[in-house]
Structure formats: structure tokens, C-alpha cells
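A structural walkthrough
Here's the letter readout for the chains.
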Amino acid sequence: MSRPVQATVDLHALRQNLQVVRRAAPHCRVWSVVKANAYGHGIDRIWRALEGTDGFALLNLEEAILLRERGWKGPILMLEGFFHADELPLFDKYRLTTSVHSNWQVKALQDARLHAPLDVYLKMNSGMNRLGFQPERVQTLWRQLRDLGNVGDITLMAHFAEAEKTDGIAPAMARINQASEGLDCPRSLSNSAATLWHPEAHGDWVRPGIVLYGASPSGEWQDVAGSGIKPVMSLTSQIIAVQTLRAGDCVGYGSRYRATQEQRIGIVACGYADGYPRLARTGTPVLVDGIRTGTVGAISMDMLTVDLTPCPQAGIGTPVELWGNEIKIDEVAASAGTVGYELMCALAPRVPVVTV
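Residues numbered from 1 in each chain as written. Predicted model: local features only at pLDDT ≥ 70, side-chain atom pairs only at ≥ 80, totals over all residues. Heavy atoms only, no water.

The name an unreviewed UniProt entry assigns to the protein chain is Alanine racemase, from the organism Kluyvera intermedia. The Pathway (unreviewed entry) field of the UniProt record for the protein chain holds the comment "Amino-acid biosynthesis; D-alanine biosynthesis; D-alanine from L-alanine: step 1/1." What UniProt records for the protein chain under Cofactor (unreviewed entry) is the sentence "pyridoxal 5'-phosphate". (UniProt positions renumbered as here; feature names shortened; annotations may be inferred.)

1. A look at the pattern of salt bridges
Across all of its chains, the model carries twelve salt bridges by this definition. Here Arg-48 and Glu-51 are joined by a salt bridge, their closest N and O atoms 3.7 Å apart. Ionic pairing is found between Arg-350 and Asp-302, a salt bridge with its closest N-O pair at 2.7 Å. One end of the pair, Arg-350, is in the loop between helix H11 (340–345) and strand E18 (353–355); the other, Asp-302, is in the loop between strand E15 (291–294) and strand E16 (304–307), and 48 residues separate them in sequence. Under the relative-accessibility criterion, Asp-302 is labelled partly exposed at 31%. Three or more residues joined by partner-sharing salt bridges are found here, namely Arg-3, Asp-274, Asp-302 and Arg-350. (Salt bridge = Lys/Arg side-chain N within 4 Å of Asp/Glu carboxyl O. Helix = DSSP H or I, 4+ residues; strand = E, 2+ residues; numbered from the N terminus. Buried < 20%, exposed > 50% of the residue type's maximum accessible area, 1.4 Å probe, protein only.)

2. Some remarks on the sheet that holds strand E2 (residues 29–33)
Read around the closed barrel, the eight strands follow the order E2-E3-E4-E5-E6-E7-E8-E9; overall the barrel is parallel. Together, strand E5 (97–100), strand E6 (118–123) and strand E7 (151–157) form the strand contacts of helix H6 (residues 103–111), whose direction differs from that of E5 by roughly 140°. (Pairing = 2+ DSSP bridges. Contact = heavy atoms within 4.5 Å. Axes fitted to C-alpha atoms, helices over the stretch in contact; angles between N-to-C directions.)

3. Let's talk about the pairing of strand E14 (residues 285–288)
Side chains Pro-285 and Leu-287 project from E14 onto one buried face, and the interleaved Val-286 and Val-288 project onto a second face that is buried too. Both E14 and E15 contribute to a ladder of four bridges, which runs antiparallel. Of the residues in E15, the one forming a bridge with Val-288 is Ile-291. Linking E14 back to E15 in an antiparallel pair, the connection comprises two residues, with Asp-289 at a positive phi of about 55°. As paired strands, E14 and strand E17 (residues 319–323) are joined by two bridges and run antiparallel to one another. Bridged to Val-288 within E17 is Val-320.

Structure below.
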């Protein structure tokens, strides 16, 4: 029998989450963001469940080619554009929309020999200070790109650093509106948070990511609890051993947990080598046989331990949900001082994945 840890990807939940996005931004087209191997869910595994999208957005050229070879004929947006000028023949062959965020990319487009113009997303730095041109250069660059024979449609693109906050996009929107005043071009500005909570930023294309996979852009599940968003990935395992502690007994590396009275604990076949966060604190929620309890002690490479006090009936073979429909991935992430995005992307290759 194989080790019992397993991830499950719910394609129905993925489709439902896309519909939630469409209800939130009913007048927009949708780029479904599938970067990082679809946030750890497996792009080849899930893309057909998102065929109702208007386009896919990602980073890796290999994943874009995979989508084309699997049969996707709609738009594909390369969020960071091309990394070397010699990639442009592949952008041409596979008809990829490219982000442009640097001067050298403009020059490379000008010099390229293409069969047909490429659509371009002109990336503006709206205050996040990662990629993009400064606002005062947007008008000049838009006109420069418009005059290039290798450039088709141009869309203005920006990103928000604090869209999960009520007033988090106001400074960025002011910069965007000032920079693009008088330009007759479509816009793509909204990430998941702005799509859900800032309709004034929806523009022409929204770019939802984390919300498609059933976690909150803010890291707080309560913020999306009433939206219809459903978790897509579940991580489950089983209890493989039970220990009975006496008062004063310690658990795990570093003896970080010490029992104050007699206590049963269960050993679960899952650890940080599977993608469970090593820094998860004692008390991180888990579901044992349908009953909510918590971890105790340090997370090991291949195992973790849980308190069986609330579930005395539990024993070897009892099912455990580590995150999923009942234990939200945002809760686990918060206990480990991180975000749900990281846990999804950190799912280890050794964990078998089943789709339903």
C-alpha cells in the first residue's frame, strides 16, 4: 500500500470560481492566471476546466506552448513578456501576447522579423516598483509602440500592491489615470483582490489568480466566505500511529510541545517534504475524522502530530484533512506566517494528485 498522503483537485470548484469572477466583473473579459503550474494545481491537469475563460495568463514559454499543443486557440498573455529577443520567433509562431516593461523589449520588437504583429501589454509602474515604465513615459511609449509594424493591439497594464485594502488602490489609480489621459486604449489592471472589491479598476480585462483556486487574496478566508468561492485543492492523509503521553512528555524535534496531562496524539503521514509548512505552530487546525483539532510540536520532514483529545475514537487509518473544504488553506498559511499562495505552489512532486 502506498503512503496515504494525497492531494485532490476539484475541477467543479474551479469552474464555479471562474463564474464568481464573472459575476464580480460582468462587463470584463477574463485572463485566468495559470502561472507557477497553475498555482501548483498542474496546468495540464486543470486548463480544460477553465475553457470558459477569455484567455490564459502565465510566465513560462514552455507552459504557453503546452496550452497551444493541447488545443487552446484563444489568447495567451505572457505576464513578464519575453526574456530574450531570440524568443520572439516562438511568440510569433504560437501567437502570444507579450507584456513590454523595458526599453530593450521595445527595441527587440522593432528589430524582429515576424510573420504578423504581436499584441502588446504596455506595463506601467503604478507604485509597486517591480516591473514597468514610470507613468510619465507611458504616453511616449504608447505612441512609439503604435508606430511599430510588429505591434498589433496595445493594452495598458498595471498591478496593485494593496488591493486587498479598502482604499488600497486609490494612489495607483490616480497615477494610472493621469498617465493615460487622452489615450484610447484598453486597460488590464485588476488582480484577484481588485476584481472582487474594486469595480472602479476593472477596465477591459481582469486578471484573477488566487481566487480561481479558492483562497482569499487578503489571506483571510472570512473576506471571501460569502462570495461562493470554493477551495480547489485539498491535502489529506491518515493517522499511521498513536502515542499516549504522560504529563511532562515532549513531542518532536526541539521538544517544542510538552504535555500537561495524559494525552493521546496521532502521527499523520505528511510533513514539510510534502509541502506542509514546517513553521506551522502548535495548534494549526486540522480535521481528524470530521472533528476539528490542532497540530502539536514541530513539523517533521515526513510526519506531523495532532491532538486526539477532541476525537477519542480516532486511531490508525483515521482520515485527516490538512487543508481543503473544512480546513481552509488560508488558516494553515496564517498559522505558519505565510499565505495560501505559497502552500499551493509548494505541494511536493512526491504527493499524488487526484482530480474530481
